[in-house]
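# Descriptive analysis of the structure
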Amino acid sequence: MEVLEEIQLVPEIFIVEDETIIAIDIETRLNALGYNVIGSAKSGEEVLSFVEEKQPDLILMDINLGGKIDGVETASIIRRKYDIPIVYLTAYADEKTIGRAKLTQPYGYIIKPFDGLAVRSTIETALYKYKTEKKIKEDEKWLNIILDNISDAIISTDAAGKILYMNPVAERLTGFSKEAAINKDLNSVYNIIPIDSDISSLISDEELLEEINSSGKYSFLLSAEGAKILIKDTARTIKDDNQNIIGVVIVFRGLKKKE
């Protein structure tokens with residue numbers, strides 16, 4: 001039986017450094033470490049032109065790059081438009097520049113003069129971190145697609161009870177859009193009223209009516225429009241690895257259309 005081996009792709013790296021000797025030194029070191037340097041540029045304009053055609057796996061960016069746009073501004077454009085991880089090259093940068101650099105969410109810094117072990121460690125850490133974050137984003141995207149298309153209404157909150165997510169069914173039942181509800185207190189959107197009166201006129205199914213009167217799992221949801229909607233709900237706390245509560249998920253279903 002033929003066994004297919006997993007192909008390990010060599011990371012493609014692009015260098016942005018305005019000093020030619022330093023750029024050559026970096027490329028030589030990276031090639032010796034087994035990386036594939038697919039090009040270099042001396043200015044932000046050059047690298048932006050390059051990534052339009054081919055996106056590398058990682059860009060090493062001189063933080064004090066000369067030209068019309070410096071390394072920090074160039075990195076910001078690249079992250080925003082192309083989502084390519086950036087590792088800054090720097091010998092020295094003032095506090096203001098470092099502050100601006102942090103806003104671009106770099107995946108590391110390589111300090112000049114370069115040390116081979118530090119270069120490899122920083123690059124591998126950056127690639128791993130980027131791959132992990134990308135996988136998390138993809139998983140979140142698929143999860144949101146699933147939650148957005150199920151028949152039950154779902155609302156999730158953080159530990160303080162601030163709404164983090166609600167699906168389209170929850171939007172319809174509560175009368176609040178997701179955009180309007182996010183970061184609001186749960187009680188201001190999910191306004192529950194206990195059943196304290198005869199609801200036989202609302203329910204024709206006798207078995208359901210009996211369950212409602214005996215289970216205590218049913219209540220009225222007061223929507224943003226003032227409608228009272230009979231719902232059945234369940235709530236579960238979300239805990240971290242240390243069993244600390246970090247949020248709540250509420251799943252509910254409307255049993256009566258809004259009037």
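Scroll up to find the structure this text is about.
The following refers to the structure shown. Please read all numbers here as calculations on a predicted model, not as lab measurements.

Right, let's talk about the packing of aromatic side chains for a bit. If you walk through the whole model with that rule in mind, you get 4 aromatic pairs. Between Tyr-190 and Phe-252 the ring centres are 4.9 Å apart and the planes differ by 50°, which places this aromatic pair in the tilted class. Remark: Phe-252 occurs in strand β11 (residues 245-254) and Tyr-190 occurs in the loop between α8 (186-189) and β8 (191-193); sequence separation between them is 62 residues. Look at Tyr-190 and you get buried, because its relative accessible area is 6%. Residue class for Phe-252 comes out buried when judged on its relative accessible area of 1%. One residue, Lys-129, lies across the ring of Tyr-107, its end atom 5.3 Å from the ring centre. Residue placement shows Lys-228 over the ring face of Phe-220; its charged tip is 4.7 Å from the ring centre.

All right, on to the packing of helix α2 (residues 44-53) against helix α3 (residues 71-82) then. Where α2 meets α3, the closest approach of the two axes is 10 Å, and the angle between their N-to-C directions is 15°. Relative to α3, α2 is oriented roughly parallel. Relative to α3, α2 is oriented so that their crossing is right-handed. Along its contact with α2, which presents Gly-44, Val-47, Leu-48, Val-51 and Glu-52, the element α3 presents Thr-74, Ile-77, Ile-78, Lys-81 and Tyr-82. Partitioned by chemical class, the residues of the contact of α2 with α3 number 6 nonpolar, 2 polar and 2 charged.

Reading the values: the criteria
- Positions within a chain are numbered from 1, following the residues in the order the chain's sequence is written.
- Only residues with pLDDT of at least 70 get local features here, since the model is predicted, and only at 80 or more are side-chain atom pairs given and counted; chain-wide, interface and lining totals rely on the full set of residues.
- Hydrogen atoms and water are omitted, and side-chain values are computed over all heavy atoms in the structure.
- Aromatic rings from Phe, Tyr and Trp, taking only the six-membered ring of Trp, are treated as a pair when their centres fall within 6.5 Å; an angle between ring planes under 30 degrees marks them as stacked, one over 60 as edge-to-face, and anything in between as tilted.
- The secondary structure listing takes helices from DSSP runs of H or I that are at least 4 residues long and strands from runs of E that are at least 2 residues long, numbered from the N terminus.
- Relative accessibility decides the category of a residue: with a 1.4 Å probe and only protein chains considered, values under 20% of the type maximum give buried, values over 50% give exposed, and everything between is partly exposed.
- In our convention, an over-ring charge means Lys NZ or Arg CZ found within 6 Å of a ring centre and within 35 degrees of that ring's normal.
- Interaxial angle, 0 to 180 degrees, is taken between N-to-C directions of lines fitted to C-alpha atoms, where a helix line uses only the stretch in contact.
- Note on terminology: angles under 35 degrees are roughly parallel, angles over 145 are roughly antiparallel, angles of 65 to 115 are roughly perpendicular, and the others are oblique.
- Left-handed describes a crossing whose near helix is turned anticlockwise from the far helix by less than a right angle; the clockwise case is right-handed.
- Between two residues, a contact is recorded if the distance between any of their heavy atoms is within 4.5 Å.
- All amino acids are sorted into three groups, where Ala, Val, Leu, Ile, Met, Phe, Trp, Tyr, Cys and Pro are nonpolar, Asp, Glu, Lys and Arg are charged, and the leftover types, Gly among them, are polar.

Purely spatial values, then, with no claim about function.
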